[in-house]
Amino acid sequence: MTEPTTGDAFGEMIRDAYAVHIGAGRRPLAGGRYPRPVIEVIERDDGLINGALAAHYLSEPADWRPFDHRAMTFCRGRVLDVGVGAGRSAIELQRRGIAVTGLDTSAGAIEVARKRGLRDTVLNTVDEFSRASVRYDTFLLLGNNLGLIEGRERAPAFLAALARLAAPGARIVAQGTDPYGTTDPVQVAYHEENRARGRFGGQLRIRLRYREVASDWFDYLNCSVDELEELLKGTAWRLKSIDDHDHPYYLAVMELME
């Protein structure tokens, strides 16, 4: 089997999803007439393949899940949307008159977010951008983007980068998923194998694939609240509150310590 080309798989997918959404531009076609649904394909290091409709990255507030709406109420001051994607959350904050910057490592995602009207965007990593002089009051990590902390090895550097960008009293508002309620034997076995390797059970090793392109492999963390508290120890952040009304999904609010 030929390996896919390594590149901006997420960006390529979002470009096509946006084209289907607006009915113009390059669109993968079925039968030469009707647009084929754009699917996000996630390949895990144990060979598991999952897929989801990419259209959810373009969803409007009327189609959001309840915790997405509740997350908006925690945003204050100047906001950095980390992993902004197609701008779903950032554009809504902008509509509400909140100063928001969208940060992403995907050029395709930033391109689509700007086409959709997001005014302030940054194409960069959190680490590189943390050298900037700007300061933020809220860091927003929705769409399960608490997973960007990756695991024990990466979390201290990621959280330190946010602290460098933080104004006094800043907060992180992040949506995560507790992976441990499942009885699926494939998932349970993966959790056990991870723990045997010294990793968190829900620490995924994945890559995204779209058509002929794949991302690099990367870690993405689904963790319990107790595991999140473990990761915060020794950092500049403390856990202030958990909203788990939609368990296994939860919203974590973390505050910068004085």
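Our subject is the structure that appears above.
Since we're looking at a predicted model, the values are computed, not measured.

### Topic: the packing of aromatic side chains
To describe a pair of aromatic rings, you give the distance between the ring centres and the angle between the ring planes. Counting across every chain of the model gives six aromatic pairs. Pairing phenylalanine 67 with tyrosine 249 gives two aromatic rings, centres 5.5 Å apart and planes at 40°, and the pair type is tilted. Pair noted here: phenylalanine 67 is in helix 2 (residues 66-72) and tyrosine 249 is in strand 15 (residues 249-256), with a separation of 182 residues, a long-range link. Between phenylalanine 139 and tryptophan 237, the ring centres sit 6.1 Å apart and the planes meet at 90°, which makes this aromatic pair edge-to-face. In this pair, phenylalanine 139 is assigned in strand 9 (residues 136-141) and tryptophan 237 in strand 14 (residues 237-243), connecting sequence segments 98 residues apart. Exposure class is identical for phenylalanine 139 and tryptophan 237. Each is buried. Pairwise contacts between aromatic rings join Phe129, Tyr136, Phe139 and Trp237 into one cluster.

### Structural notes on unusual backbone geometry
Following histidine 247, the chain continues to proline 248 via a peptide bond in cis, the omega torsion being 15°. One can find proline 248 in the loop between strand 14 and strand 15. With a phi close to 70°, glutamate 150 is a non-glycine residue in the positive phi region. Within the fold, glutamate 150 resides in the loop between strand 9 and helix 6 (155-164). Residues other than glycine seldom take positive phi values, yet arginine 211 does so here, at roughly 50°.

Conventions adopted
Residues numbered from 1 in each chain as written. Predicted model: local features only at pLDDT ≥ 70, side-chain atom pairs only at ≥ 80, totals over all residues. Heavy atoms only, no water. Phe/Tyr/Trp six-rings, centres within 6.5 Å; stacked < 30°, edge-to-face > 60°. Helix = DSSP H or I, 4+ residues; strand = E, 2+ residues; numbered from the N terminus. Buried < 20%, exposed > 50% of the residue type's maximum accessible area, 1.4 Å probe, protein only.

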